[in-house]
Amino acid sequence: MSGNHIGKSKTAEYDKEDFLHNTIKCSIDVLAESDIDFEQEIFKLKAIDDRLENERFHLAVLGQFKRGKSTFVNALMGEEILPSSVLPLTSIPTYIQFGKQRSVEISFDDKSDKETLTDDSASNLNSFLARYVTESSNSKNHLNVSYVNVFYPSELLENGIVLIDTPGIGSVHEHNTEATLNFLPQCDAAIFVVSVDPPITKTEIDFLKKIEQSIPKLFFVLNKIDYLKEQDLTLSIEFLKKTLYNRNHANIDNISIYPVSALMGINAVKENDVQKLKESGIYDFKTELINFFKDKKKALLNEALQKKTDNILKAVRMKIDLAIKAQRMPLEELNNCLNLFNEKLSEVETQKVVASDLLSGDKRRLTASLEEYAEKLRGEARTYLKTIMKEAFAKNGSGEIDYDTIYNAVAEPIPSYFEHKFGELFDEFNSRITEILNRHNQKLNTLTQSVWQAAADIFSISYYHFEGSGTISGRYKPYWTTHKWDTSFTPNPEGMLEHFLPQKMKRLSIAKRVNKQIDLIVMHNVENLRFSLIQNINTLFASFAQTFDRNIEETISNIKNVISETVEKYKNRTESSEKSIVNLLKTLGSCLNI
């Protein structure tokens, strides 16, 4: 089990994923038959195997209204599951993932119950979805739909890809674009759908400039190629490529554009016409997605899980070595070694307390920084909204004006303003949380390894260096956050008298009332933003603290349990009991080809 990775010599015979799966399965079978307690190691190996089996590649689908985004997603799946509309759809993200049966699941903001439909008919699923995600049936999302899950038996999705259909960018609901911008960095890649009529707009270019640094991989799809002749299509692709290159792309040759006709693709599937499907470009693009997922995402995942598996099996090896050495020691010597190890543990406990205090201190400083930012944002937001109010008064001149006119002017930009601020703040604090927790994670790795090193030194067994447990991020599974930013002004009886006031006094009265309402709205929205981030900080730090304590305790108990079991069985030990442990090591070695 020497070297950085277990069983390297077999990787030429197997696909790396299959090899790791086989290694884990074989190791679990062997450890389950052992007299030594390997319950924790078996649990961890099973978790890794489950992660290997169920890892997902989250792929956002982006596009401006009327670019054929929904038709494109339907073409990838091979059926018209998603509704399309002559009106912009609502601001509801749809997660499309593999399922053995066609089904739809609707989740709501205000209740735990979900609306579901399982049906083999794509038409029925489409109609069911339309009740919740179209503006015509669910205007302004008055049904409070949070998100939608679509489960579909597609070859593309079976490979672990999850398509996420996002609200259209640049729509009349500007805060939808801001919500999309906040969501994208959590995804693995994105498909940007444009079309030939025209190839790209200023709105799309501006959006691309905002996301270029936040998404690891962008696929550009040029839809509706059936509108153009071959010569015009070539010109359209070249124009799009040059436009993208001019927007800070370092190398024009690295820009890949996939020309497709989503409508042709859908029709080809209906007609079972393989040649037509290839001509549509959908077939080639699906193949590219699957290959990218296998070559890039899977490779990174396998490398990370290989390291975790190595660490577990190194701990197994050391437990076996420790059991063999303890079997061969005189009881007095064994007890002396155990006493020395307990002395080392008192040092470890002191270091653990210090580490916990440092973690708590970092959390306090981070929270204090958030409070300072929230106070600063309150002032900025008040100034921003009151400036809009003044501009609304100025735009009207000296003419007749009413409260509703000023209210609408101030209320309209509130959602996009606070959504944008939330995105900025989340990115900043996520970066700081990641840096802090990674620093503490390095301390955890060092402390854990010091326990194993102490055991190796005291009991004179080989020490196997553990790889670090990897970096920690504040982001987990992509989650679309739907914020309910307060834009409503509280009714004020004073307004009833304003109708009879002279124009100048009426303006002063309206301004006074609106200023009060702005203060209340800013206070409410900033508090919502602050509370959301406080919850995130508390959750991540609490989770890490539990992981820190659990890993140290598991390492200590692993070693002490082996020794205590040996002491307990000391009087009844036989030559055969030692041989069984040695055979365990040999059998495990056969799993790893070492």
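Asker: Help me understand the packing of aromatic side chains in this model?
Answerer: The geometry of two aromatic rings is summed up by the distance between their centres and the angle between their planes. Taken as a whole and assessed by the stated rule, the structure comprises 14 aromatic pairs. Between Phe 219 and Tyr 258, the aromatic rings sit 6.2 Å apart at their centres with planes inclined by 50°, giving tilted as the arrangement. One end of the pair, Phe 219, is in strand 8 (residues 218–223); the other, Tyr 258, is in strand 9 (residues 257–259), with 39 residues separating them in the sequence. Comparing Phe 219 with Tyr 258 shows no difference in burial state: the two are buried. Among the aromatic residues, those joined into a cluster by ring pairs are Phe 72, Phe 219, Tyr 258, Phe 285 and Phe 292.

Asker: Got a minute to help me understand the packing of helix 3 (residues 69–77) against helix 9 (residues 262–271) in this structure?
Answerer: Between helix 3 and helix 9, whose axes approach to 8 Å, the crossing angle comes to 35°. Where helix 3 crosses over helix 9, the handedness of that crossing is left-handed. Listed contacts from helix 9 to Thr 71, Phe 72, Asn 74 and Ala 75 of helix 3 are Ala 262, Leu 263 and Ile 266. For the contact of helix 3 with helix 9, a count of residues per class yields five nonpolar, two polar and no charged.

Asker: Sorry if this is basic, but what is going on with helix 14 (residues 414–459) here?
Answerer: Structurally, the α-helix is built with 3.6 residues per turn, so residues lying three or four positions apart point the same way. With 46 residues, helix 14 extends 66 Å between its outermost C-alpha atoms, agreeing within 8% with the 68 Å of an ideal straight helix rising 1.5 Å per residue. Positive phi appears at Ser 460, one or two residues downstream of helix 14, with a value of about 55°.

Asker: Honestly, the packing of helix 12 (residues 331–396) against helix 14 in this entry has me stumped. Any pointers?
Answerer: Helices that pack against each other are described as a pair by the angle of their axes relative to one another and the distance between those axes. Close contact between helix 12 and helix 14 brings their axes to 10 Å; oriented N to C, the two are set at 170°. Overall, the two elements helix 12 and helix 14 adopt an arrangement that is roughly antiparallel. Of the residues assigned to the contact of helix 12 with helix 14, the class counts are 31 nonpolar, four polar and nine charged.

Parameters at a glance
- Residues numbered from 1 in each chain as written.
- Predicted model: local features only at pLDDT ≥ 70, side-chain atom pairs only at ≥ 80, totals over all residues.
- Heavy atoms only, no water.
- Phe/Tyr/Trp six-rings, centres within 6.5 Å; stacked < 30°, edge-to-face > 60°.
- Helix = DSSP H or I, 4+ residues; strand = E, 2+ residues; numbered from the N terminus.
- Buried < 20%, exposed > 50% of the residue type's maximum accessible area, 1.4 Å probe, protein only.
- Axes fitted to C-alpha atoms, helices over the stretch in contact; angles between N-to-C directions.
- Left-handed = near helix turned anticlockwise from the far one by under 90°.
- Contact = heavy atoms within 4.5 Å.
- Nonpolar A, V, L, I, M, F, W, Y, C, P; charged D, E, K, R; others polar.
- Expected span 1.5 Å × (residues − 1).
- Parallel < 35°, antiparallel > 145°, perpendicular 65-115°, else oblique.

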